[in-house]
Amino acid sequence: MRELKPLCVSSFLVTFIAIIEVVYCIRDPYETLEVKSSANIQEIKQAYKRLAKQWHPDKNKESGAESKFIEINKAYELLMDPQRKEQFDRHGTVEDSPNFRQQPDYSGFRRFEFDPFDSFFNHGGFKFQFPFNGGLVYHKYTITSRTYENHIIPGSVRKPYLILFYNDFSLPCIHVEPVWQKVALELEPIGLGLGTIHVQKEPALTKKIGVNSLPYLIGVIDGRPIHYKDNQISLLRIIEFTRKLFPYKTIVNVNDDSLEEFLNGWPDNKVNALIFSQVEPPRLRYLLLAFQYNTYASFGLVKLDNSKTHKTCRRYRINKKMESLLIFNEITTSPVATLSMGELVPQTMRDVLDANKFLLLPRLSSQLLFDQLCPPEAARSRKRLCVILVTRNIQAHDPYRAVMREFIQQNNYPKEKVRFMFIFQEKQTEFVNALSSGEGAPLEPDLHVVMLWRQEFDKVRYQWLDSVWSVEPNSVNNTMQELEDSLRHLVQTTESLPYQAKVVTLTDEHESGFLGRIVNRLVIMGEILQDNISQQEILPAISVILTVAFIIIMGYVMSYLVNLEEQNIQEKYRQEGKPSKGHDKIREEHKLNIHELRGETYNGLVRLLKPGFRTIVLVLDNESKAKLLPKFYKIVYPYRKNKTLMFAFLMVEKNLEWYHQILTQTLGDPRKLSINPKNCIGTVLSLNGYLKYFCVYHAKHAEPRMDHCNYKESKKVDGISGNFIGFEESCSESESSDIETGELLNTNNGRLKSNNVLFEEHLLDGLSNWLDRLFEGTTQRYYIQYWPVNMK
């Protein structure tokens, strides 16, 4: 036998240890998949697809790609298992061997016979057989909690489900089994989802749903369960329960008077579908279809043989002996698709809607819509071109979109090759900026056309049309011809688009706002309480609610009485002319004194300060005092209880020479300097009288670098530039005249911006952060030899 080389053994052990580490050491699965801990199943799936494609060893040749790919799969498996996900969310850890956990086992169910005494009477030749089938229909639709969480809940956004909880040993369940079989035969073909859950095999889910009797039926729609409350379970009552699951106005009634209003509703980015039927209210199959396609289409029902719908039927030549489906886009004069049958078949209606579910010029309003209109295609020979017109959500841009629709009608490009769409720049700012900030982009993307080839999920190649999309009679034909020439060249050749960009995920414009989400939550909470509180529990629940309300009301009443009593006492003291000692003490504790730094207060505030004491001084003048001093008071007010701090303000006109002397000492060598007092306004000094140093805050300067033009020459002092606020030799009066009008150059985190303006009232906006750094000891200290005595 040939001996293995040590190197091979070593590499094998390294590889084995790496695999062991991946298999048995799971990191945070949310961090691995780059999603938030609140991410739903759909977001987790999208993140997994993106990362798996990026780190697949066949495509990624980096050294750690294989380990990363295994880690991604492990994280995905964990988050897709409801029990393991719940364990990780609660405890932060989870075992990495899910196969060793006890899984639901349905192999022991006898689907054709039920013999509970088999083990008891089998000895000695005794054997009893029971005639019923043991829940064959139930077992056909049996699902696990994992299927419920990962497929039923996310899938119910487009397809309602009926879920029945059962037990093989329950006689009521056996009696309901034929009803469930009829439900399956009648409702499953028209698009309703069905499922059954064995209560003994899924006790956690049974408890979570709140099952208190068997059989127990719930409907699941839009991610939430709705409980069936009827005492009897029959086919007709289940159909009526299913109809009530759908949101209000899933299908609206349309007649001759409301037809134009309905057809002109396409600006909501949906096509309009009219169903002509003899039956009112709409049949269940129509409700299921409308709910499934509610993202793409608005549905209306026209009742045949109704005096208020005769004009509509004549207008579209409807055969009243047949049911019809008409689909309209922006062109409301005639439908883009028509389907007429004796009875509309659900699958045929879905096929027609799938082929016509987008407008002529749809708006990019969500990532889902972008993925469907412009799916990624890596092969250059099969590239899809997405033509996007950048507009704003204003009426003035309507003509530009109308001209684009006219261009689409004139040029019948195949949809599998070219798709046209428009976008609102103000609603998809990041997406538009990703395309307009690169090469070949116009200065302003408004009313420009960009052509995309989406290679990957977030990587595109693009080309902007040179000319602005025009509606002027003299130039509209030229811009149309330019677009037509560009598209013809790109469609007929395998040539790639010249520029590349990385785009971000589109914002979902249809998502409910903050207030809408709160209202929806309250509605859901009300429905949950209604579903889960029985008649016996109503009185205790009402009692608890009233008790909480009583406590809150009494709290407000007591607070009001206390305030009223306090006002009466204050009034009594005022009438008797006596001071209110208690309240004077409170006011004294909340009092903050800001002194003026001048000759009389100079020794107490600076020269004779005790060790550890500091004085915070605001530099201002007569004009800025009214604006800056109140804001300074508000900022330093939280530090009023600090006994080592004193607060003051300095009038720069009277004490410019003193300010000049302390700044000059920090430069290291004497020189002639000129100070512009206007540039000193808003400066805050922290003076340590005992240790003879100070710290400086100014809105125009960052620490430690201060690069304003107040100095013509600079010198390093203690490793820091010697430029200080207020010096001005190279800057003329005219250059700082904006300060005299109350304006200063704006700063962002201390960095100078020459294109913005900062008003006097904003000079202290950054003072709070500077004070935090001051007390942390991270501000620059400027030491001096002595404190000047020429304070006025």
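**Here's the deal with the sheet that holds strand S18 (residues 684-688)**
The sheet built from six strands is open, its strands ordered S15-S17-S16-S18-S19-S24 with mixed pairing. At either end of the open sheet lies a strand with only one pairing partner, and these are strand S15 (594-596) and strand S24 (782-783). Here S18 runs beside strand S19 (residues 693-697); their pairing, made up of five bridges, is antiparallel. In the sheet register, Leu685 faces S19, and the bridge partner there is Val696. Its contacts with the sheet put helix H25 (residues 656-665) on strand S17 (645-651), S18 and S19, and the angle it makes with S18 is roughly 70°. Set on the sheet, helix H27 (residues 767-776) makes contact with strand S16 (614-620), S17, S18 and S19; between it and S19 the angle comes to about 150°.

**Some details on the sheet that holds strand S14 (residues 499-502)**
The strand order S11-S10-S12-S13-S14 describes an open sheet built from five strands, whose pairing is mixed. With one partner strand each, in any of the chains shown, strand S11 (418-424) and S14 form the two edges of the open sheet. Strand-to-strand twist of the sheet, defined as the mean angle between neighbouring strand axes without regard to direction, takes the value 35°. Across five bridges, the pairing between strand S10 (residues 385-391) and strand S12 (residues 449-454) is antiparallel. Among the inter-strand pairings, Val387 is bridged to a residue of S12, identified as Met451.

**Notes on helix H24 (residues 622-636)**
The end-to-end C-alpha distance of H24, which contains 15 residues, comes to 21 Å, matching closely the 21 Å that a straight helix rising 1.5 Å per residue would cover. Among the residues of H24, Ser624, Leu628, Leu629, Phe632, Ile635 and Val636 are the ones counted as buried. Against S15, S16, S17, S18 and H27 lie the buried residues of H24.

**A short note on the nonpolar core**
Leu162, Trp180, Phe299, Phe431, Leu435 and Leu452 are the most contacted members of the largest nonpolar core, which totals 72 residues. With sequence-adjacent residues up to four places away left out, Leu452 is seen in contact with Phe370, Arg384, Leu385, Cys386, Ile388, Phe431, Leu435, Val460, Arg461, Tyr462 and Leu497. The next biggest cluster of nonpolar side chains, apart from the first, holds 26 residues, and it includes Tyr400, Phe422, Leu465 and Met480.

**Some details on the state of the cysteines**
Tallied over the entire structure, the rule returns one disulfide. The disulfide partner of Cys374 is Cys386, and the gap between their sulfur atoms is 1.8 Å. Handedness of the Cys374-Cys386 disulfide follows from its S-S torsion of about 100°: it is right-handed. Residue Cys374 is found in the loop between helix H16 (367-373) and S10, and its partner Cys386 is found in strand S10; the two are separated by 12 residues along the sequence.

**Focus on the side chain of His698**
Here His698 shows up in the loop between S19 and strand S20 (716-717). One polar contact links the side chain of His698 to the main-chain carbonyl oxygen of Asn679, over a distance of 3.1 Å.

**Concerning the pairing of S17**
The element S17 is largely enclosed, with a buried count of six among its seven residues. In terms of strand pairing, S15 meets S17 through three bridges, oriented parallel. From the neighbouring strand, His595 faces S17, where its bridge partner is Ala648. Of the pairings in the sheet, the one linking S16 to S17 comprises seven bridges and is parallel in character.

**What about the confidence of the model for the chain?**
Atomic detail in the predicted coordinates should be set aside for any region of low pLDDT. Residues of the chain with pLDDT of at least 70 account for 77%, and the chain-wide mean is 80. With pLDDT under 50 throughout, residues 1-25 is counted as low confidence; its partners more than four residues away or in other chains account for eight contacts. pLDDT under 50 marks residues 96-132. Its contacts with residues more than four places away, or in other chains, come to 52 contacts.

**Notes on unusual backbone geometry**
Residue Pro215 follows Leu214 across a cis peptide bond; omega there is -10°. Structurally, Pro215 is set in the loop between helix H10 (203-209) and strand S3 (216-221). A cis amide bond, omega 5°, links Glu280 with the succeeding residue Pro281. Take Pro281: it is sitting in the loop between strand S6 (271-277) and helix H13 (284-292). For Glu34, which is not glycine, the phi dihedral falls at a positive 60°. By the element assignment, Glu34 lies in the loop between helix H2 (29-33) and helix H3 (41-55). Residues other than glycine seldom take positive phi values, yet Arg317 does so here, at roughly 55°. Among the structural elements, Arg317 can be located in the loop between helix H14 (310-315) and strand S8 (323-328).

Thresholds applied
The numbers attached to residues start from 1 for each chain and follow its sequence in the written order. A pLDDT threshold of at least 70 governs which residues receive local features in this predicted model, and a stricter bar of 80 or more applies before side-chain atom pairs are shown or counted, although totals over entire chains, interfaces and linings include all residues. Note that the side-chain values use all heavy atoms of the structure and ignore hydrogens as well as water. When DSSP finds two or more bridges between a pair of strands, those strands are recorded as paired. Segments assigned H or I by DSSP are reported as helices when at least four residues long, segments assigned E as strands when at least two residues long, and all are numbered from the N terminus. We call two residues contacting when some pair of their heavy atoms lies within 4.5 Å. The axes used here are C-alpha line fits, helices contributing only the stretch in contact, and every angle between their N-to-C directions lies in the interval 0 to 180 degrees. By this rule, a helix spans an expected 1.5 Å times one less than how many residues it contains. The rule is simple: take the accessible area with a 1.4 Å probe, protein chains only, and divide by the maximum for that residue type; under 20% is buried, over 50% is exposed, in between is partly exposed. Here, the term nonpolar core denotes a set of buried Ala, Val, Leu, Ile, Met, Phe, Trp, Tyr and Cys residues that are joined through side-chain atoms within 4.5 Å. We call a pair of cysteine sulfur atoms a disulfide when they lie within 2.5 Å. Polar contacts here mean pairs of N or O atoms no more than 3.5 Å apart (in protein, one a potential hydrogen donor and the other a potential acceptor; neighbouring residues in sequence count only if both atoms are side-chain atoms). The predictor attaches a confidence to each residue, and that confidence, scored 0 to 100, is pLDDT.

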